[in-house]
Every structure is written in structure tokens, then in C-alpha cells.
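Breakdown of the fold
Spelled out from the first residue to the last, the chains are:
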Amino acid sequence: MSSGLSRRTVLGAVGALAVLWLVAGLAFPDSWAGALLSIAASPSTHTAMLRLAVPIALAAIGGIFAEKSGVINIGIEGLLIVSAFSSIIVTFWLGSGGSTLALSHHWWGFAVGVLASTLFALIFAVVCIDFKADQIIAGLAVWLIALGLAPFASRIVFDSPNTAGVGRFQNVTVPILSEIPLLGYLLFDTPPQVYIMLGAAAAGWYLLNRTAFGRWVVASGENPKALDTAGVDVRRVRYAAVLLSGIFAGLGGAGFALGQLGTFAGGGETAIGGRGFIAIATYLFANYHPIGALGGSFLFAGLEAMQIQLQNLGYAVPTELIRTIPYATVIVVLVFVGKTQLPEAAGEPYDGDEE
Amino acid sequence: MNDSGNDRNPRSQRDLAVHLDGITKRFPGVVANDDVDLRVERGSVHALLGENGAGKTTLMNVLYGLYEPTEGRVVVDGRERAFDRPRDAIDAGVGMIHQHFMLVDPMTVAENIAMGNEPRKWGGLAVDRDRIDREIADLCDRYGFDVDPSATIEELSVGAQQRVEILKALYRGADVLILDEPTAVLTPQEVEDLYGVLEELTEQGKTIIFITHKLGEAMHAADRITILRDGSSVGTVDPAGTTREDLAELMVGREVLLETGGEPVETGRPILEAENVVVEDDRGVELVSGIDLEVRAGEILGVAGVDGNGQSELIEAITGLQTPDAGRVSFDGTDVSAWSRRQRIEAGMAHIPEDRHEQGLVMPFDLVENAVLGSQRSPRFARGGRIDWAGVRDHAEDVIGTYDVRPPDADADAESFSGGNQQKFVVGRELERDPELVVATHPTRGVDIGSTEFIHERLLELRREGKAVLLVSSNLDEVRGLSDRLAVIYEGEFVDVTDPAAVTEEELGLLMAGEQPDDRSRERPASNPADGGER
């Protein structure tokens, strides 16, 4: 295909549609366009967007590290499930609301959730890096195991695939800053997992682009042999990157469960409901840029937030349809814009003994 | 960079930077190095010359810590060392520039050079990028390099990438630099530049070991030459006191005919004609811009050029692997533009592909299976949809015997053979198809001198039999020695079609680099005749 659409053309078309919507919405407030506009502009949509973005953004940042290092971690959906479930159940065991050793039970649950996700990532790393298993199959296995294990454990404890409620994180309000007009209520009067997400995006960008480790991760995914001959152990870099993906996904899963859901529904696709896969679509869409992935997660979470608001207003927009949007976007981006550049050695186990 | 000042003092003959003492390296079933001695003087360029599989690279991998020697001592700077991994060798001041560059394409020059040795700041929290840039600038000043640390590797020419590799080794404090087949990927001009770089480095006290199978290079650039044959050292000579013929004999173990080229043959009807062939890439960039060519029966048309100037695409358009965006290809008077690959093979087009791994062989298949590729439907081997494996086996064994494929084991998987032997097998399979036209791309790439001689002889024989040969190669000796007519391809166009005898290597090099040799350079006497035609 010689005449692909340029990124500018696509952005232009999207911009034109947005302007059209804005004009139509302002001119006819009673129309669909008007209703959508008022929803998109409402603070509650924005608040919901930030919270819904947490699992997507954090899983995406984790996925970036794994994939940049050459290990495609398609199992981050499973890591989200594991961390969400284990954080809820540990909080439940400790008794919701109280505190132990100066930390509230929620934070203990949170820590165990992250740990559980990291452990799952470790198993995935061993299988993919040391045993050179097919990464896609191993990743699917992580997802399927988590998908079965969480409701199974829940059934043993609660006699139901859904856990009991354990309450949620309280908002943390930063004095003064939260008074800033427009942005203050969004960024500085919000539950802790949102701060973690924002901090993780900045930290992820810094780690990847400014530290020696970040450069090794990139080299490990592009040309592991070059890294090896430069005297850096590819295996260790890949282990670290995959474990990082477990940590980030764990922050996302546990943060989402304890900050947004307060319970874990294990039926069907579970409470995570494919957000790990949306995260993969998000980082591909963002071309492996952590801040871009944060922006992408806002986009997809924003659509979800709007859909929920629309439902509250009595408009029935099928969730399933909204869920297809991230994947459709990624296909559009990959096909027409073609800027996403997979790491050269992604998916290939590195065999250092070859020579 | 632990160059102490007194390194500049004149050294005695005995000042060895590297001494490999009685190195033996055994692999299961193979002795790759057998009691090899190598003494490399400080500040010298030492060539390690030998055919494919002579054990050159194995020996250097021992020195670089990739292999542990079965027997023998590695002495660097007068101290015996045991390198377990490259890191140890790097720490001892030994750097290696691999044949396939160990660079990360989307990363910058600075990031590549510092990789694994990044200076830190803020307590290790950040890479001190200013310091890297400063140190690279210092190195560039000192050795007369010119690279932009902020450029990405993929923006650089191959020659510049090689200089980045050298800088990478110097950055790590290498005093001994091992270069593995450094000229394999360079244009003649870049080769000259490389010789300049080597000279500059040795003047500053660095020691160079370079691995090569090209006689001319060793003669031209080295102070000493050690020749390896079948894993053993067969001698160390001074290039001033020896001849190419002597060296070739040492390398191969018998007398070698270095001159190629054949007596003129009456050419017949045009076998291959291409008119205005245009090939574009996915983005619509023209890779082949309207090439016309004709190869007659009994003729070899050579195409010289630096890799990546449209040769691959031109060949794919001719052999039917790619549909040209415009133009016409005729075979023996018939327009075959719309023919499939299979039809072209059946009509008598043989193709020695440029990349034996990607296009020539199925690596996990054994040689019997590989022997039938391309002939799987020919009546010779196919009986009603089934393949006559006994017949194929005979054929495979014929090819193995005739083309000296080693080890001669038809049941071994293609991937278990060395590159040169894989190449011999592919060449044999294609040439024994009884073709009317042979499209040969780098037919002797990676093949040792003895087998190269045989493949050349075979191509000339086909020409005598009245077959047409289209020969694409970046090896100037080869295209000049074999071709009846010589075309130079640059950025998708033939910039010149000439008589190979009427053009000097220097002029060819300029043409390949996209420059027209001006009158002045034509008048200049051709470089030392002993150099001519070596590379």
C-alpha cells in the first residue's frame, strides 16, 4: 500500500469530527450530540475517567517494560485479576476498616495484591526466559489460570464467585492544591490509586528513557546480542523487566479493586473484564511511550465513563460495543498510521550460548 | 582508557600485546584449534588469514572470552588470563568488532557506545549523557573520527557504523582490537578509510588483530600475517617477504589458480531481456528505477554495487519473487512478466539467492529435502504427486560430492553446516538444474578460496556451454574476473555498463559510491599493480 494515511490526516479527521460534535452539541442541547457533550463536560465523568484509567494505564506501563525488553506479556490481564482478587481477599481476612501494624488493612491487601501479581510474573518469566516457552502461549496460560483460579478461590471462601465487599480507599485531599479551579478537584482530591497511576507514568517514562537500566531494556528488545557483547546480562534485564510488568500491573489491579470496586466479581470475565487487553491495545496505540499510554488510557476510560453516564441517563449503549473501541482504534492506528514499531527481537527467546 | 605515558617508549621485539600459547579448542567431535601459537606485537596490525572453517573466529572467541580453551594459555600484556566471559576480556583491554555489528539500530550512537558502561549521576539515578558526549568527542579528536553522537545507528552508513563499533571498543578502554572480517560489508572507499583508521590506531599504540580470508587485504594492511589451516597455524609471515601465491598455497595447502576469466566465447541469442523495470517499496519509494538489461547465451553480465542499491529487488523481479511495478521481463524471447516463479524455474531459470538462510535453504530440513526444493514438481523427481526420495538422495549426494560440501552427510540438517558449506550446496543444487539462465547473487559469499575457484570455474563452464549468467556481487574481483560486460548499479539505476578490463578498481569504487570518476582520476596511474584486483 503506497498511499497510507498520514498521522496528520487521521488527527485532522478526528479533530473535525470533534469540532462538528461541539458545534452541534452547543447549537442543539437537547439532541444526542448535546447530551453527549454535557456528559463529556461533567466533572463526575472526569472523576470516573481517572479512576477507570487506573488498571489500564498501570498495566500498559508494565506491558511496555516487558515488551520493550523482548518479552511480550500478553498475560497482564491475568496479573490484574490475580492482584485484584488477592488484594480484596487479604483485606477481607484482616477485617475491613481496621488497621494492623500502623497500616490499614486496605494497604496490607494492596501490598499482597502487588506481591501476588509479581509472583505470577515471575513464573511467567521463568517459563519464557529460562525455558524459552512461546511467550504468547505462556501469556494466555497466565490469563486462563487467573481467570479460573480467582473465582475458584472465591467459591471456597465465600461460596460464590463474588467476594464480599471490603469498602474502598478514601479520597486523599491535598490542601490548597485541591482548590485550583478546574483541575484541583480532579488531581488533588482523589483516591490514592490515581496518585499512584500518575506517579507511575512519570516514573516509568524516566526509568525507560533516562536510566541505564531503561536503555538496556530497549537494547534487550531490539538486539539482545549487542547488549550481551557489551557485557550486560540479557537474562537479568529481561527478568527485571517482566517483574516490573508484574509490579505495575499489580498496582493497577489492586488499586482498581480497593479504590474503585471494593469487591471482586469473579463471574464471566471477572471484574477486570478485559482491561488488561485494552492495556495492550493502549500501549501499542501509544507506541510504547509511558506518558502516551497514560493519555490513551484516559481516552478509553473516558469512553467507558461516558457510557456509564449515558446508561444512568437512560440511554442504553451496549458495554460490549464500547469495549470494542480500543481494539478498533489500534487496528486503525496500525493499519493507517503505521507508526507503532514493535521491538525487533520481541517474542524471541534469547539464546546466549549460541556462539 | 588506562594508557600510561610510558607506552610510547620504543618497544623491543619481544613486547607482545597478546600471546596465545598452544591453544587447543575441542568441540564434541571436532578440533577447531589445534595447538595454535599466536604472538601479536604491541602497536602492530596482525592479520589472521585462513579459509572458512580454518578456526580463525574460534581462536579469537577464545581470546575474547566467549570460549574457554581446552588447552593452552592466553597471555595479555604479559599476564596469563582466564576469561570466562567477554566482560573479563573487555576489562583486560581486549575489544572485539564482530562481523555482524553489535549495535542497536533505533538507539543513538552515544547510547550504543556507552552501553553497559554508562557513567551515572545523581547517585546512579540517571545516565550522565553530557559526559558520554564529552568522552566521545575526546576519542573522536584523538583518533580523527567524525561521528555525531546524537545520530541513530540506522541513519548511518555501514562504514560509519563500523567506526561506532571501534569507538565502542575504545570507549571501554580496549588496547587490543579484534576485527572479524571487517571489510566484508564495506565499499572500496570505505575499506581505504578503514586502513587509515587502523594506521591511526596503531600509531597511538593500539594493537589490531584482524580476521580475513582475503589475501589482498592481509598483504596490504598487516604488519604480520598468521595463516591458519584446518585449525592449525601453518606459519607467520611478513607481507613484504612473501607473495600472494605463497600465501594462497599456505592457506589452501595446494597450488591455487588465482586468475579467473575465460577466453572470449561467441555469444548467441538474448536469453534474458529486461526493459524499464521499476520496483517500488511499500511506501512508494523507487528501489529499481527503470533498468534495462540483456544477457545473451554464452555471456556473463556482471552487476557490481554496494548492497542495498536495488540489486535484490531487480533480481526478485527477474526471478519472479516480486512483481515489478512497471516494465517487462523476457526469457528466451518470450514475455514472462506474468509468469509465476514455478513457470520460470521450469523454463530453465536457476537462482542462487543472496541470502541462503532466508531464500536458499529450509534450515531444519536435511540436505536430501533441501535438494528437491524448486524441483518438487519436475518429472525428474515427482511421480504422480509423490516424490521419488531415492532419486532425490542420489541427486543430493551428487551435489555434495561435486561441490565438496563438508561434512558429506546428506542426512544432516542444513543448519548444522557452516555458512560456506551451505552456500556450496545451494550453488550446486541450482547449477545442476541444467538451466538456460543462471541468476547468481553473491555466489561465493562466505565460501573459501578453494571452493570459490571451483564455483567460478563452473560458472565459466556454463558460459562455454552457451548458457546465460547474470552475476550480482559486491566482490569486485569476482565481477571483474568473470564478467564479459559489467554494469554498476547505484540507487536503483545502472550508472555505467562497461568492459570489465577497461575499468580500474578505483573507478569502479567511485561508480559504486555514486560518483562519476572525473578525467583527473582517470589520468592518475592506476594504483600499484600488485594491489589491483586483490580486493
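Definitions and limits used
Residues numbered from 1 in each chain as written. Chains lettered and ligands numbered in written order. Predicted model: local features only at pLDDT ≥ 70, side-chain atom pairs only at ≥ 80, totals over all residues. Heavy atoms only, no water. UniProt positions renumbered as here; feature names shortened; annotations may be inferred. Helix = DSSP H or I, 4+ residues; strand = E, 2+ residues; numbered from the N terminus. Rg over C-alpha atoms; globule rule 2.2 N^0.38 Å. Buried < 20%, exposed > 50% of the residue type's maximum accessible area, 1.4 Å probe, protein only. Contact = heavy atoms within 4.5 Å. Areas by Shrake-Rupley, 256 points an atom, 1.4 Å probe, with all protein chains shown as cover. Lys, Arg positive; Asp, Glu negative; His and termini not counted. Charge placed at Lys NZ, Arg CZ, Asp CG, Glu CD. Buried area = accessible area lost by both parts, 1.4 Å probe. Salt bridge = Lys/Arg side-chain N within 4 Å of Asp/Glu carboxyl O. Phe/Tyr/Trp six-rings, centres within 6.5 Å; stacked < 30°, edge-to-face > 60°. Lys NZ or Arg CZ within 6 Å of the ring centre and 35° of its normal. Expected span 1.5 Å × (residues − 1). Core = buried A, V, L, I, M, F, W, Y, C linked by side-chain atoms within 4.5 Å. Domains from an automatic or database assignment. Axes fitted to C-alpha atoms, helices over the stretch in contact; angles between N-to-C directions. Parallel < 35°, antiparallel > 145°, perpendicular 65-115°, else oblique. Left-handed = near helix turned anticlockwise from the far one by under 90°. Nonpolar A, V, L, I, M, F, W, Y, C, P; charged D, E, K, R; others polar. pLDDT = per-residue confidence, 0-100. Polar contact = N/O pair within 3.5 Å; in protein donor to acceptor, adjacent residues only side chain to side chain. Pairing = 2+ DSSP bridges.

An unreviewed UniProt entry lists chain B under the name Monosaccharide-transporting ATPase, with Natronococcus jeotgali DSM 18795 given as the organism. The UniProt entry for chain B carries the following comment under Subcellular location (unreviewed entry): "Cell membrane".

For chain A, the name recorded in an unreviewed UniProt entry is ABC transporter integral membrane protein, with Natronococcus jeotgali DSM 18795 as its organism. One UniProt comment on chain A, placed under Subcellular location (unreviewed entry), says "Cell membrane".

Within chain B, the regular secondary structure consists of 18 helices and 24 strands. Whereas a compact globule of 535 residues would reach a radius of gyration of roughly 24 Å, chain B reaches 25 Å, a difference of no more than 12%. Across its three principal axes, chain B shows a C-alpha extent of roughly 75 × 55 × 50 Å. The buried share among the 535 residues of chain B stands at 53%. The contacts of chain B with a sequence gap of at least 6 include a subset with a gap of at least 24, amounting to 68%. When the accessible surface of chain B is split by element, carbon and sulfur atoms take 44% of a total near 23,200 Å². Taken together, the 56 basic and 105 acidic charged side chains of chain B have centroids lying 4 Å from each other.

Counting residues at the interface gives 29 residues for chain B, matched by 20 residues for chain A. Carbon and sulfur atoms make up 56% of the area that chain B and chain A hide from each other, which totals about 1,900 Å². Among the residues of chain B in contact with chain A, M102(B), M107(B) and M115(B) are the three that bury the most area, contributing 22% of the side total. At the boundary of chain B and chain A, one finds one salt bridge. As a salt-bridge pair, R215(A) and E111(B) come within 2.7 Å of each other at their nearest N and O atoms.

Bringing the packing of aromatic side chains into the picture now. This model, assessed by the stated rule, comprises 11 aromatic pairs over all chains. Each ring, one from W143(A) and one from F277(A), has its centre 4.9 Å from the other, and the planes form 85°; the classification is edge-to-face. Remark: F277(A) occurs in helix α12 (residues 275-285) and W143(A) occurs in helix α6 (residues 135-158); sequence separation between them is 134 residues. Members of the aromatic cluster, connected to one another through ring pairs, are W107(A), F110(A) and F169(A). The ring of W122(B) has K121(B) sitting right over it, with the charged end atom 4.9 Å from the ring centre.

Enumeration over the complete set of coordinates arrives at 28 salt bridges over all chains. For the salt bridge of E304(A) with R275(A), the shortest nitrogen-to-oxygen distance reads 2.5 Å. With E304(A) in helix α13 (residues 290-312) and R275(A) in helix α12, the pair connects residues that are 29 residues apart, well separated along the chain. A residue is classified by how much of its surface remains accessible, and E304(A), at 10% relative accessible area, is buried. As a salt-bridge pair, K467(B) and D434(B) come within 3.8 Å of each other at their nearest N and O atoms. With a gap of 33 residues between them, K467(B) in the loop between α15 (449-464) and β22 (468-473) and D434(B) in the loop between α14 (419-431) and β21 (437-441) connect regions that are remote in the sequence. Judged by relative accessible area, K467(B) falls into the buried class, the value being 12%. Look at D434(B) and you get exposed, because its relative accessible area is 57%.

Turning to the side chain of T270(A), a few remarks are in order. Structurally, T270(A) can be placed in the loop between α11 (234-261) and α12. Apart from residues no more than four positions distant in its own chain, T270(A) is found in contact with I81(A), L147(A), F264(A) and A265(A).

This part is about helix α4 (residues 76-94) of chain A. Residue and element names in this part refer to chain A. For α4, built from 19 residues, the straight-helix expectation of 27 Å at 1.5 Å per residue is met to within 8% by its first-to-last C-alpha distance of 27 Å. The buried count for α4 comes to 16 of 19 residues, which makes it a mostly enclosed element. Two residues or fewer after α4 comes G95, characterised by a positive phi angle close to 90°.

Residues and elements named next belong to chain B. Backbone geometry at D230 places phi at a positive 50°, although glycine is not the residue there. With respect to the helices and strands, D230 occurs in the loop between β11 (224-229) and β12 (232-237). Relative accessible area serves as the criterion here: at 61%, D230 is assigned to the exposed category. Phi at D434 takes a positive value of approximately 60°, unusual for a residue other than glycine.

Moving on to the nonpolar core. Membership of the largest hydrophobic core comes to 144 residues, with the highest contact counts inside it found for M197(A), F264(A), I166(B), L177(B), L179(B) and I225(B). When residues in this core are grouped by element, the largest group, 14 residues, is from helix α3 (residues 43-68) of chain A. Counting contributing residues per domain, this core is built from domain 1 (1-93 + 175-256) and domain 2 (100-173) of chain B, each supplying no fewer than three. The next biggest cluster of nonpolar side chains, apart from the first, holds 44 residues, and it includes I400(B), L459(B), L471(B) and L486(B).

What follows concerns the packing of α4(A) against α6(A). All names here are of chain A. It is at 7 Å that the axes of α4 and α6 come closest, and there the two elements cross at 20°. When the axis of α4 is compared with that of α6, the two are roughly parallel. Like other packed secondary-structure pairs, α4 and α6 cross with a definite hand, here left-handed. Judged by residue contacts, E77, G78, L79, I81, V82, F85, I89, F92 and W93 of α4 engage V142, W143, A146, L147, A150, A153, S154, V157 and F158 from α6. Class assignment for the residues of the contact of α4 with α6 results in 15 nonpolar, two polar and one charged.

Residue and element names in this part refer to chain B. Across chain B, the average pLDDT comes to 85, with 92% of residues at or above 70. Ranking the elements of chain B by mean pLDDT puts helix α18 (residues 519-523) last, at 42, and helix α3 (residues 109-114) first, at 94. Here residues 519-535 is a poorly scored stretch, pLDDT under 50, and it has 23 contacts once near neighbours within four places are set aside; other chains count. As scored by the predictor, the complex reaches a pTM of 0.75 and an ipTM of 0.83.

Residues and elements named next belong to chain A. Its place among the elements puts S83 in helix α4. Judged by relative accessible area, which is 0%, S83 ranks as buried. A polar atom in the side chain of S83 sits 2.9 Å from the backbone oxygen of L79. Once you skip the residues sitting within four places of it in the chain, S83 turns out to touch G113, S117, A249, G250, G253 and A254.

In this section: the UniProt feature "transmembrane region" (unreviewed entry) in chain A. Residue and element names in this part refer to chain A. Mapped onto the present numbering, the UniProt feature "transmembrane region" (unreviewed entry) falls at residues 49-66, 78-95, 107-129, 136-158, 194-218, 239-258 and 278-303. Segment residues 78-95 splits into 94% helix and 0% strand. End C-alpha atoms: 26 Å apart. For residues 194-218, the helix share is 96%, the strand share is 0%, and the end-to-end C-alpha distance is 27 Å.

Residue and element names in this part refer to chain B. What the domain assignment reports for chain B is domain 1 (1-93 + 175-256), domain 2 (100-173), domain 3 (260-348 + 437-535) and domain 4 (358-434). Taken together, the contact between domain 1 and domain 2 spans 21 residues of the former and 18 residues of the latter. Approximately 1,600 Å² of surface area, both sides summed, lies buried where domain 1 meets domain 2, with 61% of it carried by carbon and sulfur atoms. Where domain 1 touches domain 2, the interface holds zero salt bridges.

Following the UniProt record, one finds the feature "domain: ABC transporter" (unreviewed entry) at residues 18-255 and 272-516 of chain B. Here residues 272-516 of chain B is 34% helix and 27% strand, with 28 Å between the C-alpha atoms at its ends.

Moving on, we get to the sheet that holds strand β4 (residues 71-76) of chain B. Sheet strands line up and pair through hydrogen bonds in the backbone, either parallel or antiparallel. Residue and element names in this part refer to chain B. Taken in spatial order, the four strands make up an open sheet running β2-β1-β4-β5, and their pairing is antiparallel. Edge strands, defined here as strands with exactly one partner in the open sheet, are β2 (30-41) and β5 (79-81). This sheet shows a mean twist of 25° between the axes of neighbouring strands, independent of strand direction. Sheet analysis places β4 next to β5, joined by three bridges and oriented antiparallel. Among the inter-strand pairings, V75 is bridged to a residue of β5, identified as E80.

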